[in-house]
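The residues making up each chain are set out below.
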Amino acid sequence: MWFMVDRTHSGDEYSPTWLANFIHNWPHVSYKTFTRSASEFDPGNGEYIETLLFWAGMPIVWLGLCIVTLLLFSCCLCLKRNQPVSLRKGIIRLRWWIIFTMLLCVITIGVCFYGNALTSNGIDHYVHAIEEANKTMVDIDKNADGAQTEMVSAYNRAEELEDTLPVCTSNTTVQQMARDVKIATVSLRNSVSEVGDKLHGDLVNYLVESSEDVSRYRVLGWSIFIGLLCVDLVLCVAVIFCTGKSIRGGIIFCCILLIIAFTIVWIIAGAELFLLVGLSDFCVNPSRYVIQEAERNNVPDDVVWYYLGCNGTSPFDQTFRETDRQFYDAEDDLRKISMMCPQQDVQVIVSTLEGHFSQYKTDLDQLKIDANCQQLNDDYNLAVSSLCYNSLSGLGYQLLFGAILGMLWLVAICQGTLLASRMGRRKMNYEAEQEDPFLPPRDGSATLERYSARREHQPSTSGMNRRPQSSTSQSSNALPHFPVIISNRGSSIAGQSNITVPEDLPPSYTLAISRDRPNQRRGHQSQQQQAATASADTTNDGGYSAASLV
């Protein structure tokens, strides 16, 4: 059975690990009176349970301090909200830090998986060892009951033989042998009953009940812990995704989930610390607790020490030797009676008695094998080693890396809150009127003609005088009277037109003026051509009229 334990066992006696000794030396203080108590494992003592609750409350106190720290951090973040920061560099740096923190969380969760598996394996081995010990005790009770039943039947047949022998023979020696056989049946039954009384299964039944409770804890605790760790992994992936995609709402929602996970982690850490301290106290001296429970169940000390150490004389050796002597004497008497009284009735009774004694011998030999200390001692060492090597180490892994995971959650919450505050809210798009004179059109075709048409319907608020326009400029698409605008090349259009400077210059005028320059040149050339053509036509018409008059 030693292959079931991860630790290598070379037949040496059990010795507590350094982890058990380290935790056992912690001060055991009652949470009610804050006074130190004994550190011996005693789950039936209320004061001892108070000391375990004291240590279980330490992670809860730390949880409260961390929540206060988060509140203070949030207040400081609100106070520094309007201070200028380098947003671009700060956001990129925070993203990488959050991703790095989540990767550390994933590694920590993996170690917690290992610790949970180690604890579960130790509990499985403990339950298996207790079940094997219970099976041994059941076999002992079965063989003892079977041997006693055979001797009761043999006693009845011995009385019948004692009543039949006077008819067969008047030899007093033979009759005395029959009486000795009847007495031997009573003595053999009492011997087996004595062995059964010393090895009654009350203690093992108590251990079986406790192992059932431990097994239920393993199934429930293992399932819940695995589920929580899987949820933590999904949460890590969600945080990494929302951080990489810069989803501000997702980051805020993940921070809320991280606060819930952070709270659950420290509550579970309190429960694990409760179990870890209690198990360490048990593993420092497990035999003390077994002896204490044996005394409560009225198991003799010599029997308990025999099975715990398995290095001394069996307390049943004397009983078994006396039983063997009486058994062989009774068989010898039956053989002599069969030889000295050949009557058929006597032979039938003797044959029946020999069958009862033969079955009694079979049960007695099996009882000797089961009562040997080797098997029960192996089961005891397996149970103790499974709890104190595997389960204790697994709980240590879960507690240590669970605390690390809780601190990483705290850092991730602070980082996520800071990142969400620096990202800020996204501005919502709104619909603007197409005729708004201070916004360029959506198609990008901003021109001075469109702007001039809009400006004609608006009253002037600049208070500056405008130069009166000529008829030619009024009939043509002349430039509006606006101030000098410096284009992207640094040139000025002041020399191209006479303009005044209004104060209410729209933001899109620079774009419009740059687009209308080619149109203005073409319009100016077209106006000159039209004016030259009109002048020529007027001259021609005047000459024709004079000639006709002459």
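All values derive from a computational prediction rather than experimental measurement. (Residues numbered from 1 in each chain as written. Predicted model: local features only at pLDDT ≥ 70, side-chain atom pairs only at ≥ 80, totals over all residues. Heavy atoms only, no water.)

Re the overall build of the protein chain
Working step 1: When you go through the protein chain residue by residue, the secondary structure sums to 14 helices and zero strands.
Working step 2: What you see in the protein chain, going N to C, is helices and strands ordered as α-α-α-α-α-α-α-α-α-α-α-α-α-α.
Working step 3: Burial statistics for the protein chain: of 550 residues in total, 40% are counted as buried.
Working step 4: Taking all contacts inside the protein chain whose residues are at least 6 apart in sequence as the whole, residues at least 24 apart take part in 80%.
Working step 5: Taken as a whole, the protein chain presents about 31,000 Å² of accessible surface, with 58% of it coming from carbon and sulfur. (Helix = DSSP H or I, 4+ residues; strand = E, 2+ residues; numbered from the N terminus. Buried < 20%, exposed > 50% of the residue type's maximum accessible area, 1.4 Å probe, protein only. Contact = heavy atoms within 4.5 Å. Areas by Shrake-Rupley, 256 points an atom, 1.4 Å probe, with all protein chains shown as cover.)

Quick notes on a nonpolar patch on the surface
Working step 1: Among the surface-exposed residues, Ile252, Phe253, Ile256, Leu257, Ile260 and Ile264 lie close enough to one another that they form a single nonpolar patch of about 490 Å² accessible area.
Working step 2: Of note, Leu257 is situated in helix 6 (residues 248–284).
Working step 3: Relative accessible area serves as the criterion here: at 30%, Leu257 is assigned to the partly exposed category. (Patch = residues over 30% accessible without salt bridge, like charges linked within 9 Å, V, L, I, M, F, W, Y side chains within 5 Å. Salt bridge = Lys/Arg side-chain N within 4 Å of Asp/Glu carboxyl O.)

Comments concerning the side chain of Thr164
Working step 1: Among the secondary structure elements, Thr164 is positioned in helix 3 (residues 87–168).
Working step 2: A distance of 2.7 Å separates a polar side-chain atom of Thr164 from the backbone oxygen of Glu160.
Working step 3: Discounting chain neighbours no more than four positions away, the residues touching Thr164 are Asp345, Val346 and Ile349. (Polar contact = N/O pair within 3.5 Å; in protein donor to acceptor, adjacent residues only side chain to side chain.)

Here we look at helix 8 (residues 301–309)
Working step 1: For helix 8, the complete set of buried residues consists of Val303, Val304, Tyr306, Tyr307 and Leu308.
Working step 2: Check the buried side of helix 8 and you find it contacts helix 4 (172–198), helix 7 (286–296), helix 10 (344–371) and helix 11 (373–423).
Working step 3: Immediately beyond the C-terminal end of helix 8, within one or two residues, lies Cys310, with a positive phi of roughly 50°.

Examining the packing of helix 4 against helix 10
Working step 1: The contact between helix 4 and helix 10 brings their axes to 12 Å, and the two run at 20°. For the element pair helix 4 / helix 10, the angle class is roughly parallel. The way helix 4 lies across helix 10 gives a crossing that is left-handed. Along the contact surface, helix 4 presents Val181, Thr185, Leu188, Val192 and Val195, while helix 10 presents Leu353, Phe357, Tyr360, Leu364 and Leu367. (Axes fitted to C-alpha atoms, helices over the stretch in contact; angles between N-to-C directions. Parallel < 35°, antiparallel > 145°, perpendicular 65-115°, else oblique. Left-handed = near helix turned anticlockwise from the far one by under 90°.)

What about the state of the cysteines?
Working step 1: As enumerated under the stated definition, the model contains two disulfides in all.
Working step 2: Between the sulfur of Cys283 and that of Cys388 lies a disulfide, 2.0 Å long from S to S. Across the S-S bond linking Cys283 and Cys388, the dihedral sits near -90°, which makes this disulfide left-handed. One end of the pair, Cys283, is in helix 6; the other, Cys388, is in helix 11, and 105 residues separate them in sequence. (Disulfide = S-S within 2.5 Å.)

Overview of the packing of helix 2 (residues 46–79) against helix 11
Working step 1: Two numbers describe how helix 2 lies on helix 11: the axes approach to 11 Å, and their chain directions differ by 15°. Viewed along their axes, helix 2 and helix 11 adopt a mutual orientation that is roughly parallel. At the point where helix 2 passes helix 11, the crossing takes the right-handed sense. Contacts from Trp62, Cys66, Leu70, Phe73 and Leu77 of helix 2 reach helix 11 at Met407, Leu410, Ile413, Cys414, Thr417, Leu418 and Ser421.
Working step 2: In terms of residue class, the contact of helix 2 with helix 11 is built from 10 nonpolar, two polar and no charged. (Nonpolar A, V, L, I, M, F, W, Y, C, P; charged D, E, K, R; others polar.)

Remarks on the environment of Leu353
Working step 1: Its location among the elements puts Leu353 in helix 10.
Working step 2: When its relative accessible area of 0% is taken as the criterion, Leu353 is described as buried.
Working step 3: Apart from the residues lying within four places of it in its own chain, the contact partners of Leu353 are Ala154, Arg157, Ala158, Leu161, Val181 and Leu334.

Some remarks on empty space enclosed by the protein
Working step 1: Within this structure, the stated rule accounts for three cavities of 30 Å³ or more.
Working step 2: A volume near 60 Å³ is recorded for the second largest cavity.
Working step 3: For the second largest cavity, the full set of lining residues is Ile98, Met102, Val239, Thr243, Ile251, Cys254, Cys255, Leu258, Ala412 and Gly416.
Working step 4: Listing elements by their share of the lining of the second largest cavity, those giving two or more residues are helix 3, helix 5 (202–245), helix 6 and helix 11. (1 Å grid on protein atoms, 1.4 Å probe; cavity = no way out; pocket = protein on both sides within 12 Å on 5 of 7 lines; lining within 4 Å. Points joined across faces, edges and corners; volume = space filled by probe spheres on them.)

Some words on the pattern of salt bridges
Working step 1: According to the stated counting rule, one finds 10 salt bridges in the structure shown.
Working step 2: The salt bridge partner of Asp365 is Lys361, with a shortest N-O separation of 3.6 Å. Separated by four residues within a single helix, Asp365 and Lys361 lie in helix 10, roughly one turn from each other.
Working step 3: A residue is classified by how much of its surface remains accessible, and Lys361, at 17% relative accessible area, is buried.
Working step 4: Several salt bridges share partner residues, and in doing so they unite Asp324, Lys361, Asp365 and Lys368 into one network.

Some remarks on the packing of aromatic side chains
Working step 1: Taken as a whole, this structure holds 18 aromatic pairs when the rule is applied.
Working step 2: With a centroid separation of 5.5 Å and 70° between ring planes, the pair formed by Phe41 and Phe282 is classed as edge-to-face. Here Phe282 lies in helix 6 and Phe41 lies in the loop between helix 1 (18–24) and helix 2, a separation of 241 residues in the sequence.
Working step 3: Owing to a relative accessible area of 18%, Phe41 belongs among the buried residues under this scheme.
Working step 4: Overall, Phe282 belongs to the buried group, its relative accessible area being 11%.
Working step 5: Look at Phe262 and Trp266: their rings are 6.5 Å apart centre to centre, the planes differ by 75°, and that puts the pair in the edge-to-face class. Within this pair, Phe262 and its partner Trp266 are both found in helix 6, separated by four residues, close to a single helical turn. Note on accessibility: Phe262 and Trp266 belong to one class, buried.
Working step 6: What links up through ring pairs into an aromatic cluster is the set Phe22, Trp26, Phe34, Phe54 and Trp55. (Phe/Tyr/Trp six-rings, centres within 6.5 Å; stacked < 30°, edge-to-face > 60°.)

Focus: the nonpolar core
Working step 1: Leu161, Leu199, Tyr307, Ile337, Phe357 and Trp409 are the most contacted members of the largest nonpolar core, which totals 111 residues.
Working step 2: Looking at which element gives the most residues to this core, the answer is helix 3, with 22 residues.
Working step 3: If we skip the residues at most four places from it in the chain, Tyr307 touches Leu199, Phe316, Ala371, Asn372, Cys373, Leu376 and Asn377. (Core = buried A, V, L, I, M, F, W, Y, C linked by side-chain atoms within 4.5 Å.)

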